[in-house]
Amino acid sequence: MGTRKTIAITGASAGIGAEIARVCAARGYDLILIARREAPLLALSAELEAGHNIRAHVVTADLGAADAARTLADAVEARGLQVDGLVNNAGFSKTTGFTTTDPAAQQEMIRVMLSVPVELARLWLPAMKQRGWGRIVNVASMAGFLQATGGDTLYGPIKSFMIKFSQGLWVESQGSGVHVSVVCPGYTYTEFHDVNGSREAVSAAYPKWMWLQADRVARDAWDAVEADKPRCIPGKRYQFLSVVSKLLPDSVGLKTAASHARKLNRV
């Protein structure tokens, strides 16, 4: 282990999680790469260890399983690893509508994107504070600022929770040496839309200028947490939209959400 700090990253097999791993490795952090799929984690680990002279440990985990956070923490502890930082990035969405989505899939969304991040922070944050150093990045979304999301009905509310949760952790961690930041990207080129089956629809509905690159989001997120900024919104266009969303009356915001859902064939 040496004296380097170790950052645990969930959803590290691709997309923003993998790019945050690359940013951290380039800055000299050791890593714990966490996801369900082992093969891409092993490939990423080999890439980062060869390129940056760091250790990138691979831990496979199904964060949708019951007691996933405790099982993951036990697996990390069994390998003698210390968690100095946490990136809660794992996530997905279901765009088939609230009443037509399998309840088991909805429960999995809540566990992976809400319950597990809270539980991992509760498990690892106290020791970070005791040591006087820590970093927590929660990956939320611009959807967390909007009045509603249609079709993927749970996604926006979960991200709203993560924004408020992160702000609360930031307040409670002041002066402890632990930095907490929530990153709220807009549309980003990752596997996310391929997995939920909306790639073709969103690509046709929204122009290229609205899309962010995952490496840009990762750099902005890590810069924000190092600077102890409580919130990061990558891209000036999305920073502007976050302000506008607060000014919209609910009636306008909900009509916009409904139009968005229809555009993507979600309602």
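Engineer: How should empty space enclosed by the protein be read in this particular structure?
Structural biologist: Where empty space is left in the structure can be found by rolling a water-sized probe over the atoms. In total, this model carries 2 cavities of 30 Å³ or more according to the counting rule given. Empty space within the largest cavity amounts to approximately 50 Å³. Every residue along the wall of the largest cavity is listed here: K94, G97, F98, T101, Q106, M109, G151, D152, T153 and L154. Within the lining of the largest cavity, the residues separate by chemical class into 3 nonpolar, 5 polar and 2 charged. Lining of the second largest cavity is provided by N88, N89, A90, V112, M113, P117, V139, K159 and M162.

Engineer: Can you walk me through the layout of surface pockets in this structure?
Structural biologist: In this structure, the second largest pocket occupies an estimated 150 Å³ of space. If you trace the second largest pocket, you find it lined by R70, A73, V76, E77, L81, Q82, V83, L123, W124, A127 and R131. Of all elements in the fold, only α3 (68-78) and α4 (103-131) reach the threshold of two or more residues within the lining of the second largest pocket. Here the residues of the lining of the second largest pocket sort into 7 nonpolar, 1 polar and 3 charged.

Engineer: I keep staring at the environment of Y155 and nothing clicks. Help me out?
Structural biologist: As for its position among the elements, Y155 is in helix α5 (residues 155-173). Using a relative accessible area of 12% as the deciding quantity, one classes Y155 as buried. Note: C-alpha distance between Y155 and M113 (42 residues apart in sequence) is 8.9 Å.

Engineer: Looking at this structure, I do not really get α5. What am I missing?
Structural biologist: Turn by turn, an α-helix covers 3.6 residues, leaving residues three or four places apart pointing in a common direction. In a regular helix each residue adds 1.5 Å, so 19 residues correspond to 27 Å; α5 covers 27 Å between its end C-alpha atoms and thus fits that length. Buried within α5 are the following residues: Y155, G156, I158, K159, M162, I163, F165, S166, L169 and S173. In the segment just after α5, G175 is the residue with positive phi, at about 85 degrees.

Engineer: Would you mind showing me how to read the pattern of salt bridges here?
Structural biologist: Pairing between side chains of opposite charge can happen when their charged atoms approach one another. A complete count under the given rule lists 11 salt bridges for this structure. With a closest N to O distance of 3.7 Å, E108 and R36 form a salt bridge. Here E108, found in helix α4, pairs with R36, found in the loop between β2 (30-35) and α2 (38-52); they are 72 residues apart in sequence, far enough to count as distant. When its relative accessible area of 22% is taken as the criterion, E108 is described as partly exposed. The class of R36 is exposed, set by a relative accessible area of 58%. For R135, the salt bridge goes to E226, with nearest N and O atoms at 2.9 Å. Placement of the pair is R135 in strand β5 (residues 134-139) and E226 in helix α8 (residues 214-226), with a sequence separation of 91 residues. A relative accessible area of 26% places E226 in the partly exposed class. One network of salt bridges, with partners in common, ties together E19, R22 and E47.

Engineer: Can you help me understand the packing of aromatic side chains in this one?
Structural biologist: Any two aromatic rings considered together are summarised by their centre-to-centre distance and by the angle between their planes. All chains considered together, the criterion is met by 3 aromatic pairs. With 5.9 Å between their ring centres and 15 degrees between their planes, F161 and F165 make a pair best called stacked. Of the two residues, F161 and F165 both sit in helix α5, 4 residues apart, roughly one turn of that helix. Taking the relative accessible area as the measure of exposure, F161 reaches 35% and is therefore partly exposed. What links up through ring pairs into an aromatic cluster is the set Y29, W133 and W222.

Criteria and cut-off values
Residues numbered from 1 in each chain as written. Predicted model: local features only at pLDDT ≥ 70, side-chain atom pairs only at ≥ 80, totals over all residues. Heavy atoms only, no water. 1 Å grid on protein atoms, 1.4 Å probe; cavity = no way out; pocket = protein on both sides within 12 Å on 5 of 7 lines; lining within 4 Å. Points joined across faces, edges and corners; volume = space filled by probe spheres on them. Nonpolar A, V, L, I, M, F, W, Y, C, P; charged D, E, K, R; others polar. Helix = DSSP H or I, 4+ residues; strand = E, 2+ residues; numbered from the N terminus. Buried < 20%, exposed > 50% of the residue type's maximum accessible area, 1.4 Å probe, protein only. Expected span 1.5 Å × (residues − 1). Salt bridge = Lys/Arg side-chain N within 4 Å of Asp/Glu carboxyl O. Phe/Tyr/Trp six-rings, centres within 6.5 Å; stacked < 30°, edge-to-face > 60°.

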